[in-house]
Amino acid sequence: HAQPALQGEVLMIKFTKGNSYLPKGTWSFNLPSGWSCPHAKNCLAFADRETGKIVNGKEQTFRCYSATVERYPAVRKQVWDNFEALKHANHGDMVRMLLEALPQKATHVRIHGGGDFFSQIYFDAWLDVVARRPNVQFWAFTKSLPFWVARLESIPVNLALTASCGGRHDHLIEKYSLRYALVVESEDKAEQMNLPVDMNDFHAMRRGGSFALVENSKRKKP
């Protein structure tokens, strides 16, 4: 793995293996939830970096699942190592670190099982990483819609982006006809809205139409 130095400390940029319901060869790259999500609103939650205690955002309507996972110290350390290594790096260093850390046998990559694109330069770095790995399928949910909109004509074909509804820039979804995912309380609600339900990232990892996600606390296991 890449070992970028930050203020004298060696930090390990790491990808983590995907969940069992994802294709073999799937890896995920994660950042601290909330802390790296500048455009989140309805799902905003933070795990305290030291204690792991979850603090909800002021406008939160449902809790971010990935933030709750960060109550575990090992998970918290890894996402913060990733964030600290990247947030002050320049574009070239971001690309280099991500490419060096990306497992060679990866076939699918979820960008941000936790966290989000925290800056335009970071979003752009991922576009370069994706373009340099054309045989890998990447996907990401994001509320950082201004970064996406600024690069609408530059999204590699092997990157499937989905606008995550409930952020601070939802108006951009309709304005730019962005594919979106809407969190609903039940599969029946999704059916009423004529949206397919994605239980295992089947829709998310492929380019296509919009879809629904059943709130984590109420969904059935895939």
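Provided above is the structure to which this section pertains.
The structure presented is a predicted model; accordingly, all values stated were derived computationally and were not measured.

All right, on to the sheet that holds strand β3 (residues 16-17) then. What the seven strands build is an open sheet, ordered β3-β4-β7-β8-β9-β10-β11; its pairing is mixed. The open sheet has two edge strands with one neighbour each: β3 and β11 (211-214). Relative to β11, strand β10 (residues 180-184) is paired through four bridges, and the arrangement is parallel. Within the sheet, the bridge partner assigned to valine 183 lies in β11 and is leucine 213. The strands touched by helix α4 (residues 120-132) are β4 (26-29), β7 (108-111), β8 (137-142) and β9 (159-164); relative to β9, the strand with the most contacts, the crossing angle is about 150°.

On to the environment of methionine 12. Structurally, methionine 12 is set in the loop between β2 (9-10) and β3. In this structure the C-alpha to C-alpha distance between methionine 12 and asparagine 82, which are 70 residues apart in sequence, comes to 6.9 Å.

Next up on the list: the side chain of serine 119. With respect to the secondary-structure elements, serine 119 resides in the loop between β7 and α4. Among the polar contacts listed, one links the side chain of serine 119 to the backbone nitrogen of tyrosine 122, at a separation of 3.1 Å.

For the coordinates displayed, the defined rule picks out seven salt bridges. The residue arginine 96 makes a salt bridge to glutamate 100 at a minimum N-O spacing of 3.7 Å. Of this pair, arginine 96 and glutamate 100 are both found in helix α3 (residues 91-101), four residues apart, which corresponds to roughly one turn of the helix. A residue is classified by how much of its surface remains accessible, and arginine 96, at 36% relative accessible area, is partly exposed. Put simply, Arg49, Glu84 and Lys87 are held in one network by salt bridges that share partners.

An α-helical turn contains 3.6 residues, so any two residues separated by three or four positions project in the same direction. If you check α4, its first and last C-alpha atoms are 19 Å apart, about what 13 residues at 1.5 Å a residue would give, namely 18 Å. Residues of α4 that are buried include every one of Tyr122, Phe123, Asp124, Ala125, Trp126, Leu127, Val129 and Val130, and no others.

Quick look at the packing of aromatic side chains now. Under the definition given, this model contains twelve aromatic pairs. Note on phenylalanine 117 and phenylalanine 123: the rings are 4.9 Å apart at their centroids and 75° apart in plane angle, and the pair reads as edge-to-face. Across the pair, phenylalanine 123 and phenylalanine 117 agree in class, each one buried. An aromatic cluster of at least three residues, connected via ring pairs, comprises Trp35, Phe46, Trp80, Phe83, Phe117, Phe118, Tyr122 and Phe123. Here the basic side chain of lysine 87 rests over the ring of phenylalanine 83, its NZ or CZ set 5.0 Å away from the ring centre.

Relative placement of two packed helices is described by the angle separating their axes and the distance separating the axes. For the pair α3 and α4, the least separation of the axes is 9 Å and the interaxial angle reads 45°. As the angle between them shows, α3 and α4 are arranged oblique. Crossing of α3 over α4 shows right-handed handedness. Contacts between α3 and α4 involve His91, Met94, Val95, Leu98 and Leu99 on the former and, on the latter, Ile121, Tyr122, Asp124, Ala125, Trp126, Asp128, Val129 and Arg132. Broken down by class, the residue content of the contact of α3 with α4 amounts to nine nonpolar, one polar and three charged.

We now examine the environment of alanine 204. Mapped onto the elements, alanine 204 comes out in the loop between α7 (187-192) and β11. Through-space distance from the C-alpha of alanine 204 to that of tryptophan 139 is 6.6 Å; in sequence the pair is 65 residues apart. Setting aside its immediate chain neighbours within four residues, alanine 204 contacts Trp139, Phe141, Ala160, Thr162, Arg179, Asp198 and Phe211.

About the cut-offs
Residues numbered from 1 in each chain as written. Predicted model: local features only at pLDDT ≥ 70, side-chain atom pairs only at ≥ 80, totals over all residues. Heavy atoms only, no water. Pairing = 2+ DSSP bridges. Helix = DSSP H or I, 4+ residues; strand = E, 2+ residues; numbered from the N terminus. Contact = heavy atoms within 4.5 Å. Axes fitted to C-alpha atoms, helices over the stretch in contact; angles between N-to-C directions. Polar contact = N/O pair within 3.5 Å; in protein donor to acceptor, adjacent residues only side chain to side chain. Salt bridge = Lys/Arg side-chain N within 4 Å of Asp/Glu carboxyl O. Buried < 20%, exposed > 50% of the residue type's maximum accessible area, 1.4 Å probe, protein only. Expected span 1.5 Å × (residues − 1). Phe/Tyr/Trp six-rings, centres within 6.5 Å; stacked < 30°, edge-to-face > 60°. Lys NZ or Arg CZ within 6 Å of the ring centre and 35° of its normal. Parallel < 35°, antiparallel > 145°, perpendicular 65-115°, else oblique. Left-handed = near helix turned anticlockwise from the far one by under 90°. Nonpolar A, V, L, I, M, F, W, Y, C, P; charged D, E, K, R; others polar.

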